[in-house]
Number of protein chains: 4
Amino acid sequence: MTATTPDQSADAAAPTTERGRRKRAAIVSAARAVFEDAGFKDARIADIAKRAGASYGSFYTYFESKDEIFREVVQDVTDEMFETSRSGSGTIDPVERIEIANRKYVEAYARNARMMSVMAEVSAYDDFTGAMNYEIRKRFVDRNAAGIRRLQASGEADPKIDAEIAADVLGGMIERFAQVWVPRRTPEEIEAAVPVLTSIWARGIGLQG
Amino acid sequence: MTATTPDQSADAAAPTTERGRRKRAAIVSAARAVFEDAGFKDARIADIAKRAGASYGSFYTYFESKDEIFREVVQDVTDEMFETSRSGSGTIDPVERIEIANRKYVEAYARNARMMSVMAEVSAYDDFTGAMNYEIRKRFVDRNAAGIRRLQASGEADPKIDAEIAADVLGGMIERFAQVWVPRRTPEEIEAAVPVLTSIWARGIGLQG
Amino acid sequence: MTATTPDQSADAAAPTTERGRRKRAAIVSAARAVFEDAGFKDARIADIAKRAGASYGSFYTYFESKDEIFREVVQDVTDEMFETSRSGSGTIDPVERIEIANRKYVEAYARNARMMSVMAEVSAYDDFTGAMNYEIRKRFVDRNAAGIRRLQASGEADPKIDAEIAADVLGGMIERFAQVWVPRRTPEEIEAAVPVLTSIWARGIGLQG
Amino acid sequence: MTATTPDQSADAAAPTTERGRRKRAAIVSAARAVFEDAGFKDARIADIAKRAGASYGSFYTYFESKDEIFREVVQDVTDEMFETSRSGSGTIDPVERIEIANRKYVEAYARNARMMSVMAEVSAYDDFTGAMNYEIRKRFVDRNAAGIRRLQASGEADPKIDAEIAADVLGGMIERFAQVWVPRRTPEEIEAAVPVLTSIWARGIGLQG
DNA sequence: AATGAATGAGGTTTCATTCAT
DNA sequence: CATGAATGAAACCTCATTCAT
């Protein structure tokens, strides 16, 4: 994949029939599975087509290129990472809110772990994927920053802290935790570590005596 | 690159003459530059040879394959990351020690940033590189854990904290900070952020009132 | 070609369309011609493809490797050598039967002479081809042994002779005759020598006063 | 190896010192071993040099090319095949003489079996080797023809037989026997089969009853 | 639309031979 | 003469993309 900017002028027409929509969806789903198994470079169109029960040529009826379908899968992942982390919580206790947010992020990451890893691979040489990665991160960090500023305003968090940097750094801590722990540890181990994350986070911004 | 374990049975001979040593070093150096520019998959032997002022065949005088030279470069990076982070500091103040350690890691990362990124790419499908990455991380995290335990023993850090998990998580925070900031920010911005990292770290383990 | 055992897990798909079948057959035919001209080692995929009017890649649509197509050609030759020598003769005179069998073998060899020679070359380092060569020989020798035993049972051939060894040795005589004479002599010379072969064979097993 | 005619204008000088002669002999010996192990095409100059304890460059001090050294080895084999089969026997009994000659050929073949097989491989594309093979065969067949004519003159063998063709055909029987049996059977089995060869040969030319 | 065959640029690797030291 | 590094022409194989049916 060469460095590119998103190109919306898709030549491959959107399917008009129900059957076409199903086939298209099958290809996207198969592509995601193949990318997860093989990474981007080693994924072959032939494998995607076979896995989708489609022919070689059918792939190109729906997608212009390998890049294009990869971007569609990346977009799906990005959307889901957004979606999941969006819903707020009803609680009032700030530490509990932080823990819920952290847990949500880790859970969303777990559902998309392989693709997140492949996106990290591809970001190295593809601008679009890099931008998507950045978006996911930015959304997460921005929400964290807003939360910290709110806690500073209410006098619960240390007002001397730079909220943007702290949110960036602490968000990175969660990201890295997910990257490292999700593929290697059991759900129970991860669950047990989340309170440690929360505690560090809370102390880090001066919450709690 | 297919998943592999380190293989010491190098078929390509070590150079016996001074001239050979120079050419070999030139190839390693050129290879690193090419990997940094292009990543692993897109790096071409032809480019490495040309950049080293060597012929196509000369490459294969010293290295069996693209995999082999990549591992040599990875080994070099790993060694340097170890080397740098090893030397202790003379100070006694724990916060200052943490800051020095963090700054050292970030500086070492900065010197190897592109290769660290390529290694992240390749770790996805190559066991050797994955193992090297793991080694770097483990070394860093272990040192941190020892430091935390020491501070707990001296009563400076909160003894209720699980030192291993905290070291893992806080180490990840530094790693991710380096990954994200080094390629995108100026040295000044990074320098300015390090105290934030240090502060969060220190508070996170219960240092300071 | 490295030593191998036959591998039935062909990855290259069998053609499903008529067009595909034609192209595949053209490639097999071209391959045989190229192997006959150049032997195995010097045969180049590019030449096979060009001769078949196909592109480089088309070759790999149907065959995994040079080894695989060589085996297919070898299989064809083997089949034809079997086929030809199978049909019995109607005559009752044992000497006449021997002469017919010898002539048939030599004729079959003549039709496949170049490939038989290439197979001899390749047998030196490839197990599959060696096995095919062995099969051809075994089939021929076994039939001869049965014939000799029949003649011994009917009292026409010397019963003291070891039929298996005699069949092996006399079969080898025919094989070697074909190897040496077919490429170097005219059909007329060969035709004229066949009765000598027959006479030696017949006398050798004690037929005729 | 491309088709060539023997070229006596060797550029590589004959060694003048004793040490040079020894090294040259070591290279020839190593080359033979490598050709026997690997055949012609797969034999590498590097392996020959290493096996001879010589450097890469030394090889080219003594030999112009891979072809040249192969021809030297082939010449050695040819000489030895000649040498061995030359010495006559003292006996008078014609059948015994035939048996001795056959046994001698098989024994000489056994000593050179691997190289004879490699020569068969190379004969397919190299004229010089083909000529050597032909020489070996011709010498053997000619001697046989002379023997048959002698027996015809003395009234022991059937005078109606064409001595040249019979010698060719029966010689081929021995050759093929050696090719097939030597690599696959034990010396005892071979020894046991030689009388069958002799018997067929003797009967074939009308000797005995 | 669907199918699957056809294309060919692009990359890796080998190794006989030459050449600088 | 000895050494071993340097050269580069081949040759193989892959696979995204195009195209004929």
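As the structure is a prediction and not an experimental result, all values here were calculated from the model. (Residues numbered from 1 in each chain as written. Chains lettered and ligands numbered in written order. Predicted model: local features only at pLDDT ≥ 70, side-chain atom pairs only at ≥ 80, totals over all residues. Heavy atoms only, no water.)

### Re the interface of chain C and chain D
Many descriptions give the size of an interface as the accessible area lost when the pieces come together.
1) Next: Taken residue by residue, the interface counts 30 residues in chain C and 31 residues in chain D.
2) Next: Ranking the residues of chain C by area buried against chain D places C:Val169, C:Arg176 and C:Arg203 at the top, with a combined share of 23%.
3) Next: Put simply, chain C and chain D have eight salt bridges between them.
4) Next: Close ionic contact of C:Asp168 with D:Arg185 constitutes a salt bridge, the shortest N to O distance being 4.0 Å.
5) Next: At the junction of chain C and chain D, the tally comes to eight residue pairs in polar contact (both at pLDDT 80 or more).
6) Next: At the level of secondary structure, the elements contributing two or more residues to the side of chain C that touches chain D comprise α8 (163-184) and α9 (187-204) of chain C.
7) Next: Of all the elements, α8(C) adds the most residues to the side of chain C that touches chain D, at 13 residues.
8) Next: Across the side of chain C that touches chain D, the residue classes tally to 16 nonpolar, four polar and ten charged. (Contact = heavy atoms within 4.5 Å. Buried area = accessible area lost by both parts, 1.4 Å probe. Salt bridge = Lys/Arg side-chain N within 4 Å of Asp/Glu carboxyl O. Polar contact = N/O pair within 3.5 Å; in protein donor to acceptor, adjacent residues only side chain to side chain. Helix = DSSP H or I, 4+ residues; strand = E, 2+ residues; numbered from the N terminus. Nonpolar A, V, L, I, M, F, W, Y, C, P; charged D, E, K, R; others polar.)

### With respect to the UniProt feature "domain: HTH tetR-type" (unreviewed entry) in chain A
1) Next: If you check UniProt for "domain: HTH tetR-type" (unreviewed entry), the listed places come out as residues 21-81 of chain A in our numbering.
2) Next: Secondary structure within residues 21-81 of chain A divides into 79% helix and 0% strand; the distance between the first and last C-alpha atoms comes to 24 Å. (UniProt positions renumbered as here; feature names shortened; annotations may be inferred.)

### Description of α9(C)
1) Next: Spanning 18 residues, α9(C) covers 25 Å between terminal C-alpha atoms, matching the ideal 26 Å at 1.5 Å per step.
2) Next: Looking at α9(C), one finds that the buried residues are C:Ile190, C:Ala193, C:Val194, C:Val196, C:Leu197, C:Thr198, C:Ile200, C:Trp201, C:Ala202 and C:Gly204.
3) Next: Each element contacted by the buried residues of α9(C) is listed here: α5 (94-111), α7 (127-153) and α8 of chain C together with α8 (163-184) and α9 (187-204) of chain D.
4) Next: The positive-phi residue at the C-terminal boundary of α9(C) is C:Gly206, with phi of around 85 degrees. (Expected span 1.5 Å × (residues − 1). Buried < 20%, exposed > 50% of the residue type's maximum accessible area, 1.4 Å probe, protein only.)

### Observations regarding the domain arrangement of chain A
Residue and element names in this part refer to chain A.
1) Next: On domain assignment, one finds that chain A holds domain 1 (18-64) and domain 2 (69-205).
2) Next: Taking the mean C-alpha position of each, domain 1 and domain 2 sit 30 Å from one another.
3) Next: Taken together, the contact between domain 1 and domain 2 spans 13 residues of the former and 14 residues of the latter.
4) Next: Here domain 1 and domain 2 share an interface that buries about 1,200 Å² over both sides, 67% of which is from carbon and sulfur atoms.
5) Next: Summed over the shared surface of domain 1 and domain 2, the number is one salt bridge.
6) Next: Between arginine 24 and glutamate 72 there is a salt bridge, with its nearest N and O atoms 2.8 Å apart.
7) Next: At the junction of domain 1 with domain 2, the criterion picks out three residue pairs in polar contact (both at pLDDT 80 or more).
8) Next: In terms of residue count, the dominant contributor to the side of domain 1 that touches domain 2 is helix α1 (residues 18-38) (eight residues).
9) Next: Per-class residue counts for the side of domain 1 that touches domain 2 are seven nonpolar, one polar and five charged. (Domains from an automatic or database assignment.)

### Structural notes on the UniProt feature "DNA-binding region" (unreviewed entry) in chain A
1) Next: The positions that UniProt labels "DNA-binding region" (unreviewed entry) are, in the present scheme, residues 44-63 of chain A.
2) Next: Annotated as residues 44-63 of chain A, this span is 70% helix and 0% strand, and its ends, taken at the C-alpha atoms, are 14 Å apart.

### A short note on the relation of the copies chain C and chain D
1) Next: Once chain C has been moved 0.0 Å along the axis and rotated by 179 degrees, it coincides with chain D to within an RMSD of 0.2 Å. Overall, the copies show the geometry of a two-fold rotation axis.
2) Next: Looking at chain C, 100% of its interface residues are interface residues in chain D too, so the copies touch through the same face. (Least-squares fit on C-alpha atoms with pLDDT ≥ 70 in both.)

### Section: the packing of helix α5 (residues 94-111) of chain B against helix α9 (residues 187-204) of chain B
The relative placement of two packed helices is expressed as an angle between their axes plus a distance between the axes.
All names here are of chain B.
1) Next: The geometry of α5 relative to α9 is characterised by a closest axis approach of 9 Å and an angle of 130 degrees between their N-to-C directions. In terms of their interaxial angle, α5 and α9 are classed as oblique. Crossing handedness for the pair α5 and α9: right-handed. Here Val95, Ile98, Glu99, Asn102, Arg103 and Val106 of α5 come into contact with α9, specifically with Ile190, Glu191, Val194, Pro195, Leu197, Thr198, Trp201 and Ala202.
2) Next: Residue composition of the contact of α5 with α9, by class: nine nonpolar, two polar and three charged. (Axes fitted to C-alpha atoms, helices over the stretch in contact; angles between N-to-C directions. Parallel < 35°, antiparallel > 145°, perpendicular 65-115°, else oblique. Left-handed = near helix turned anticlockwise from the far one by under 90°.)

### Here's the deal with the pattern of salt bridges
All names here are of chain A.
1) Next: Following the criterion strictly, the structure yields 80 salt bridges over all chains and no others.
2) Next: The residue arginine 149 makes a salt bridge to glutamate 164 at a minimum N-O spacing of 2.1 Å. Of this pair, arginine 149 sits in helix α7 (residues 127-153) while glutamate 164 sits in helix α8 (residues 163-184); the two residues are 15 residues apart in sequence, bridging distant segments of the chain.
3) Next: Assessed through its relative accessible area of 39%, arginine 149 is described here as partly exposed.

### Digging into the interface of chain B and chain A
1) Next: On the chain A side, the residues contacting the 31 residues of chain B number 31 residues.
2) Next: Here chain B and chain A share an interface that buries about 2,700 Å² over both sides, 62% of which is from carbon and sulfur atoms.
3) Next: Its largest share of buried area at the contact with chain A, chain B owes to B:Val169, B:Arg176 and B:Arg203, together 23% of the area lost on that side.
4) Next: Our enumeration of links across chain B and chain A arrives at eight salt bridges.
5) Next: Salt-bridge contacts for A:Arg176 lead to B:Glu175; the nearest nitrogen and oxygen are separated by 3.1 Å.
6) Next: Across the chain B-chain A interface, the total number found is eight residue pairs in polar contact (both at pLDDT 80 or more).
7) Next: When residues of the side of chain B that touches chain A are traced back to their parent elements, those giving at least two are α6 (113-123), α8 (163-184) and α9 of chain B.
8) Next: Take the side of chain B that touches chain A: its biggest share by element is 13 residues, from α8(B).
9) Next: Looking at side-chain class alone, the side of chain B that touches chain A contains 16 nonpolar, five polar and ten charged residues.

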